[in-house]
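Here are the chains, one letter per residue:
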Amino acid sequence: FAKGGAGANSVAKDAPISHYVEELDAPVAAWRPPATGTGDAPKESGGAAPGSTFTASIVRRPGAPIGLNIDLSDGVSAVIVEVKDGVVSAYNAEMPERALRVHDRIVEVGGARGDASSIASKLKTEMSWSLVV
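By convention here, each chain's residues receive numbers from 1 onward along its written sequence. With the structure being a predicted model, the display of local features is reserved for residues of pLDDT at least 70 and the display and counting of side-chain atom pairs for 80 or more, all residues being used for whole-chain, interface and lining totals. Heavy atoms throughout the structure, all of them, feed into the side-chain values; hydrogens and water do not.

Caption draft 1: Structural view of unusual backbone geometry. The backbone phi angle of His103 is positive, close to 85°, even though this residue is not glycine. Within the secondary structure layout, His103 lies in the loop between helix H1 (87-94) and strand S5 (105-106). Relative accessibility under 20% of the residue-type maximum defines a buried residue, over 50% an exposed one, and the middle range a partly exposed one, all with a 1.4 Å probe and only protein chains included. You can call His103 exposed: its relative accessible area is 68%. Secondary structure elements follow DSSP: runs of H or I of four or more residues count as helices, runs of E of two or more count as strands, with numbering from the N terminus.

Caption draft 2: How the structure looks around the pairing of strand S3 (residues 68-71). The side-chain alternation of S3 yields two buried faces, one formed by Leu68 and Ile70 and the other by Asn69 and Asp71. As paired elements, S3 and strand S4 (residues 78-83) share four bridges and run antiparallel to each other. Residue pairing for S4: Leu68 is matched across the bridge by Val83. Any two strands with at least two DSSP bridges between them are considered paired. A loop of six residues connects S3 with S4, the two strands running antiparallel in sequence, and Gly75 in this loop sits at a positive phi of about 80°.

Caption draft 3: Broad picture of the confidence of the model for the protein. With 62% of its residues at a pLDDT of at least 70, the protein reaches an overall mean of 76. Per-residue pLDDT, averaged within each element of the protein, yields its smallest value for strand S1 (residues 21-23) (62) and its largest for S5 (97). Within the model, pLDDT remains below 50 along residues 1-19, and this stretch shows six contacts once partners closer than five positions in the same chain are excluded. The pLDDT value expresses, per residue, how confident the predictor is, ranging between 0 and 100. Should any heavy atoms of two residues lie within 4.5 Å, those residues are considered in contact. Predicted confidence for residues 26-45 stays below pLDDT 50, and this span has 30 contacts to residues more than four positions away or in other chains.

Caption draft 4: Quick look at the environment of Ala112. Take Ala112: it is sitting in strand S7 (residues 112-113). On the basis of relative accessibility, which here comes to 11%, the residue Ala112 falls in the buried class. Along the primary structure Ala112 and Ser77 are separated by 35 residues, whereas in three dimensions their C-alpha atoms are 9.9 Å apart. Residue contacts for Ala112: discarding those within four places in its chain leaves Val107, Ser118, Ile119 and Lys122.

Caption draft 5: Up close: the nonpolar core. Residues Leu68, Leu100, Ile106, Leu123, Trp129 and Leu131 are the most contacted members of the largest nonpolar core, which totals 24 residues. The set of elements that each furnish at least two residues to this core consists of strand S2 (55-59), S3, S4, H1, helix H2 (116-125) and strand S8 (128-132). Among the elements that take part in this core, H2 stands out by supplying four residues, more than any other. In this structure, Ile106 is in contact with Leu68, Ser77, Ala78, Ile80, Leu100, Ile119, Leu123, Leu131, Val132 and Val133, ignoring residues within four places of it in sequence. Among buried residues, the Ala, Val, Leu, Ile, Met, Phe, Trp, Tyr and Cys ones that are joined through side-chain atoms within 4.5 Å form a nonpolar core.

Caption draft 6: View of the sheet that holds S8. Here four strands make up an open sheet; going across it, the order is S2-S8-S6-S7 and the pairing antiparallel. Each edge of the open sheet carries a strand with a single partner, namely S2 and S7. Where strand S6 (residues 108-109) meets S8, two bridges bridge the pair, whose relative direction is antiparallel. The partner of Glu108 across the bridge, within S8, is Val132. Those strands touched by H1 are S2 and S8, and its axis lies near 120° from that of S2. Angles run from 0 to 180 degrees between N-to-C directions of axes, and those axes are lines fitted to C-alpha atoms, restricted for helices to the stretch in contact.

Caption draft 7: Inspection of the pattern of salt bridges at higher detail. Here a salt bridge means any side-chain nitrogen of Lys or Arg lying within 4 Å of a carboxyl oxygen belonging to Asp or Glu. Scanning the model with the defined rule gives two salt bridges in all. Between Asp74 and Arg105 there is a salt bridge, with the nearest N and O atoms lying 2.6 Å from each other. Taken together, the positions of Asp74 in the loop between S3 and S4 and Arg105 in strand S5 put the pair 31 residues apart, joining distant regions of the chain. For Asp74, a relative accessible area of 36% puts it in the partly exposed group. Residue Arg105 is classed as partly exposed on the basis of its relative accessible area, which comes to 40%.

Laid out in structure tokens, this is it:
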């Protein structure tokens, strides 16, 4: 937070956490954990190793739920808070070595980088994503 008053990017210290989280879809069926792979990724969590960066290419059908809740509070990225049934969980089942997991940080979507609102907007409106996670 910047010193000296509330700026456009500041958030009230006592704001509820739900203020920071953006649900990308209308509610869908209960989340089921996706299958995990047996590659070089840690077996307990699947996906890429902590601290690494990877690219995920995902195509969404019109009307298909995204299946993510994200936290935009840092202003520069989208942190995955929840993975639900939808395009992302289907991708995770097919690509367990590059699965998107809770606490992963999406830093770029289709060229949008460094602005959490732009990242969320691309996720909502684009039908094909190239994600840097």
